[in-house]
Amino acid sequence: NAGVTQTPKFRVLKTGQSMTLLCAQDMNHEYMYWYRQDPGMGLRLIHYSVGEGTTAKGEVPDGYNVSRLKKQNFLLGLESAAPSQTSVYFCASTSGRGAYEQYFGPGTRLTVT
Amino acid sequence: AQRVTQPEKLLSVFKGAPVELKCNYSYSGSPELFWYVQYSRQRLQLLLRHISRESIKGFTADLNKGETSFHLKKPFAQEEDSAMYYCALSGQAAGANSKLTFGKGITLSVRP
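Draft legend 1. Region of the structure containing the interface of chain B and chain A. Counting residues at the interface gives 18 residues for chain B, matched by 21 residues for chain A. Of the roughly 1800 Å² buried at the junction of chain B and chain A (both faces included), carbon and sulfur atoms supply 54%. Linking chain B with chain A are zero salt bridges, by the criterion used here. Residue assignment for the side of chain B that touches chain A shows that the elements contributing at least two residues are β5 (32–38), β6 (45–49) and β9 (83–90) of chain B. When residues of the side of chain B that touches chain A are assigned to their parent elements, the largest contribution, four residues, is made by β5 of chain B. Along the lines of polarity and charge, the residues of the side of chain B that touches chain A split into eight nonpolar, five polar and five charged.

Written out as structure tokens, the structure is:
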């Protein structure tokens, strides 16, 4: 049981490049989340999904897109990376409404130069 | 709107000293409050939740609705408590309870 996994672990992009971060969970969780963690800013919710085929905006969605085509996967896309998107990205999942413990992935460290 | 405030960024104490990590919240309804912890090189994990009213690793936290606070306390700090701690809130309103709002976090450093 791997829990929540994230791919890749590290990535360096040039401004304007695109990339997709993959989050996978093997716990059959309904809800999945993408956060970014920045020094002094804490964890901020980018997008989330309450089920396969559904997505919703979080606190800081601009510059990101997401897709949840399969229940176990939640993809975060950066279409045109900017230096302001340099951050550590965390994925999390939970079993559903009322189950508040979120299970986190190990994080992806992204640098945009 | 829901908001979580952790007023301090860093708390440094000696081993054996008491610890109090402050958390205040703003929410119009009845909130669920949590503390998450991130040890060095580990992923974020749930430490405790107010609804369970339990002590985990010697830590306790009491929800004070009058003061809208959920401070995390431990009477005697250990070096292994050094970590980043986040306070988080989930609302009970429709749609709100599918998300957590996190504070900015506080680094606890316990010196030998």
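Draft legend 2. Up close: the side chain of Asp38 of chain A. Residue and element names in this part refer to chain A. As for its placement among the helices and strands, Asp38 is situated in strand β4 (residues 31–38). A distance of 2.8 Å separates the side chain of Asp38 from the side chain of Ser87, its partner in a polar contact. Look past the residues within four positions of Asp38 in its chain and what remains in contact with it is Arg44, Thr86 and Ser87.

Draft legend 3. Representation of the nonpolar core in the model. Residues Leu21, Trp35, Leu47, Leu48, Phe70, Leu72 and Tyr85 of chain B are the most contacted members of the largest nonpolar core, which totals 26 residues. Of all elements in the fold, only β2 (10–14), β3 (19–21), β5, β6, β9 and β11 (106–111) of chain B reach the threshold of two or more residues within this core. Counting residues per element, this core draws most heavily on β9 of chain B, which supplies four residues. Contact partners of Tyr85 of chain B, with chain neighbours within four places excluded, come to Gln6, Leu21, Trp35, Tyr36, Val37, Tyr39, Leu47, Phe59, Leu72, Gly105, Ile106 and Leu108 of chain B. Judged by nonpolar contacts, the second largest core, of 19 residues, contains Leu21, Val60, Cys91 and Val112 of chain A.

Draft legend 4. Seen up close, the sheet that holds strand β8 (residues 73–78) of chain A. Residues and elements named next belong to chain A. Ordered in space as β1-β3-β8-β7, the four strands form an open sheet in which the pairing is antiparallel. Unpaired on one side and paired on the other, β1 (4–7) and β7 (65–67) mark the two borders of the sheet. The mean inter-strand angle of the sheet, taken between neighbouring strand axes irrespective of direction, is 20°. Examined bridge by bridge, β7 and β8 share three bridges and lie antiparallel to one another. What sits directly across from Ser67, in β8, is Leu75.

Draft legend 5. Local environment of the pairing of β5 of chain B. Residues and elements named next belong to chain B. Counting buried residues in β5 gives seven out of seven residues, a clear majority hidden from the surface. Residues of β5 alternate between two faces, with Glu32, Phe34, Tyr36 and Gln38 on one and Leu33, Trp35 and Val37 on the opposite face, all of them buried. Pairing of β5 with β9 involves seven bridges; the strand directions are antiparallel. Directly across from Val37, in β9, lies its bridge partner Tyr85. When β5 meets β6, the two strands line up antiparallel, connected through four bridges. Paired with Val37 across the two strands is Gln45, which belongs to β6. Linking β5 to β6, which pair antiparallel, is a turn of six residues; within it Arg41 sits at a positive phi near 65°.

Draft legend 6. Seen up close, the packing of aromatic side chains. The tally for this structure, following the rule as stated, stands at ten aromatic pairs over all chains. Both rings, one in Phe104 of chain A and one in Tyr36 of chain B, keep their centres 5.8 Å apart while their planes meet at 75°; by these two values the pair is edge-to-face. Of the two residues, Phe104 of chain A sits in strand β10 (residues 103–104) while Tyr36 of chain B sits in strand β5, which places them in two different chains. One aromatic cluster is present, built from ring pairs that chain together Tyr33, Tyr35, Tyr48 and Phe104 of chain A together with Tyr36, Tyr86 and Phe102 of chain B. In this arrangement the basic side chain of Arg111 of chain B is found over the ring face of Phe14 of chain B, its NZ or CZ atom lying 4.1 Å from the centre.

Reading guide: rules and limits
Residues numbered from 1 in each chain as written. Chains lettered and ligands numbered in written order. Predicted model: local features only at pLDDT ≥ 70, side-chain atom pairs only at ≥ 80, totals over all residues. Heavy atoms only, no water. Contact = heavy atoms within 4.5 Å. Buried area = accessible area lost by both parts, 1.4 Å probe. Salt bridge = Lys/Arg side-chain N within 4 Å of Asp/Glu carboxyl O. Helix = DSSP H or I, 4+ residues; strand = E, 2+ residues; numbered from the N terminus. Nonpolar A, V, L, I, M, F, W, Y, C, P; charged D, E, K, R; others polar. Polar contact = N/O pair within 3.5 Å; in protein donor to acceptor, adjacent residues only side chain to side chain. Core = buried A, V, L, I, M, F, W, Y, C linked by side-chain atoms within 4.5 Å. Buried < 20%, exposed > 50% of the residue type's maximum accessible area, 1.4 Å probe, protein only. Pairing = 2+ DSSP bridges. Axes fitted to C-alpha atoms, helices over the stretch in contact; angles between N-to-C directions. Phe/Tyr/Trp six-rings, centres within 6.5 Å; stacked < 30°, edge-to-face > 60°. Lys NZ or Arg CZ within 6 Å of the ring centre and 35° of its normal.

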